[in-house]
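Observations on chain architecture
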Amino acid sequence: MNDNPMAAHKRPLRDYRARHFAWSCSEDGRVATITLNRPDKKNPLTFDSYAELRDLFRELPYASDVRAVVLTGAGGNFCSGGDVFEIIEPLTRMAAPELLAFTRMTGDLVKAMRRAPQPVVAAIDGVCAGAGAMIALASDLRLATPAAKTAFLFTRVGLAGADMGACGLLPRVIGLGRANELLMTGRSMRADEGLAWGFYNALHDADALPDKARELARELADGPWFAHTMTKTMVNQEWAMGIEEMIESEAQAQALCMLTGDFRRAFEAFAARRKPEFQGD
């Protein structure tokens, strides 16, 4: 008899076959890498890649193996946003219901990234613009190179800076005044600004960035999996809470973590002066 009947609702994603981007996993399946791979155009998104990314992140809560995700781009750039001819031009010919369906789909990608329990590490080099800047922002941690240029350039094409949650997410990361500047002017944020403002967690040379991102993802994947999931959940939920709700919610969350085997293993390892081996339960 299965001791955990809920395990039947999960499946490994290590062998997932992506159609509109590249997907790879570490040998144990714990660290997955999504690579936007249209380097000739600086890795723009299409209707199809938006939809597949949304669907994949919606599936990640049910993954039995993946514990951290690296999100990056091929060819020295992260993502140039929506493809001008495959997305922007068709949008100019759509009616309001179709346009709303599209903007809801793009927002659904951000929601799916935030709801996925796995920490998402964005590895950013070169161009990171428009929707590319938004999926970087929706990630949990961001590493970049000194050449990274991030631009929320929606106003440059006659649109509001309010896109895919930008007006809610960006001020929380870099502050209201800086967010207003970037969202209203559409200018590029330099890598050194992004680091100083807290948008980037660290800067690395381009040749070191992939390894640094995987190392960080591996550290998270091998850590207390349940506790990382709870941390991400609480970061999301507490945005809309008052101080009393925050403290009570965290009391309940921490009590649940204290029931895990990882909490016991951490104590036993400390007492024995050895490194804990977390198992995510």
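Before reading further, recall that the structure is shown in the block above.
Everything in this summary refers to the structure shown in the same document. Not measured: the values here are computed from a predicted model.

1. Some points on the nonpolar core
Membership of the largest hydrophobic core comes to 56 residues, with the highest contact counts inside it found for Phe 57 and Phe 152. For this core, the leading source of residues is helix 4 (residues 131–138), giving 7 residues. If you look at the next biggest cluster of nonpolar residues, it comprises 11 residues, including Ala 68, Leu 143, Ala 217 and Leu 220.

2. Details of a nonpolar patch on the surface
Together, Val 84, Phe 85 and Ile 88 make up an exposed nonpolar region whose accessible area comes to about 320 Å². Note on placement: Phe 85 falls in helix 2 (residues 84–91).

3. A word on the sheet that holds strand 6 (residues 141–144)
The 6 strands are arranged 1-2-3-4-6-9 in an open sheet whose pairing can be described as mixed. Sheet topology places strand 1 (22–25) and strand 9 (202–203) at the edges, where each strand pairs with a single neighbour. Pairing of strand 3 (residues 68–73) with strand 4 (residues 120–124) involves 4 bridges; the strand directions are parallel. Bridge pairing in strand 4 places Thr 72 opposite Ala 123.

4. With respect to the pairing of strand 1
Judged from the 4 bridges that link them, strand 1 and strand 2 (residues 31–36) form a sheet pairing that is antiparallel. Directly across from Ser 24, in strand 2, lies its bridge partner Thr 33. Hairpin connection from strand 1 to strand 2: 5 residues lie between these consecutive antiparallel strands, with Gly 29 at a positive phi of about 80 degrees.

5. Regarding the layout of surface pockets
When its volume is computed, the largest pocket comes out at roughly 590 Å³. Breaking the lining of the largest pocket down by element, the ones donating at least two residues are helix 2 and helix 3 (96–115). When residues of the lining of the largest pocket are assigned to their parent elements, the largest contribution, 5 residues, is made by helix 2. Within the lining of the largest pocket, the residues separate by chemical class into 15 nonpolar, 7 polar and 3 charged.

6. Some words on helix 10 (residues 243–258)
With 16 residues, helix 10 should reach 22 Å at 1.5 Å per residue; the first-to-last C-alpha distance of 22 Å fits that figure. Here helix 10 has its buried residues at Ser 249, Ala 253 and Cys 257. Along the long axis of helix 10, the arc covered by the buried residues comes to 80 degrees, so they all point the same way. Opposite the packed face of helix 10, turned more than 90 degrees from it, sit the exposed residues Glu 244 and Ile 247. Where helix 10 is buried, its residues contact helix 9 (225–237) and helix 11 (261–271).

7. Brief notes about the environment of Gly 130
Along the polypeptide, Gly 130 turns up in the loop between strand 5 (127–129) and helix 4. You can call Gly 130 buried: its relative accessible area is 4%. Here the alpha-carbon distance between Gly 130 and Leu 183, two residues 53 residues apart in the chain, equals 10 Å. For Gly 130, the contacting residues outside a window of four places in its chain are Ala 151, Leu 153 and Phe 154.

8. Here's the deal with the packing of aromatic side chains
Applying the stated criterion across every chain yields a total of 5 aromatic pairs. Residues Tyr 50 and Phe 102 carry aromatic rings whose centres are separated by 5.8 Å and whose planes lie at 85 degrees to one another, so their mutual orientation is edge-to-face. Note that Tyr 50 is positioned in helix 1 (residues 47–59) and Phe 102 in helix 3, a separation of 52 residues in sequence. Residue class for Phe 102 comes out buried when judged on its relative accessible area of 12%.

Analysis parameters
- Residues numbered from 1 in each chain as written.
- Predicted model: local features only at pLDDT ≥ 70, side-chain atom pairs only at ≥ 80, totals over all residues.
- Heavy atoms only, no water.
- Core = buried A, V, L, I, M, F, W, Y, C linked by side-chain atoms within 4.5 Å.
- Buried < 20%, exposed > 50% of the residue type's maximum accessible area, 1.4 Å probe, protein only.
- Helix = DSSP H or I, 4+ residues; strand = E, 2+ residues; numbered from the N terminus.
- Patch = residues over 30% accessible without salt bridge, like charges linked within 9 Å, V, L, I, M, F, W, Y side chains within 5 Å.
- Areas by Shrake-Rupley, 256 points an atom, 1.4 Å probe, with all protein chains shown as cover.
- Salt bridge = Lys/Arg side-chain N within 4 Å of Asp/Glu carboxyl O.
- Pairing = 2+ DSSP bridges.
- 1 Å grid on protein atoms, 1.4 Å probe; cavity = no way out; pocket = protein on both sides within 12 Å on 5 of 7 lines; lining within 4 Å.
- Points joined across faces, edges and corners; volume = space filled by probe spheres on them.
- Nonpolar A, V, L, I, M, F, W, Y, C, P; charged D, E, K, R; others polar.
- Expected span 1.5 Å × (residues − 1).
- Arc of directions from axis to C-beta.
- Contact = heavy atoms within 4.5 Å.
- Phe/Tyr/Trp six-rings, centres within 6.5 Å; stacked < 30°, edge-to-face > 60°.

Function-wise, these values are silent; they only describe arrangement.
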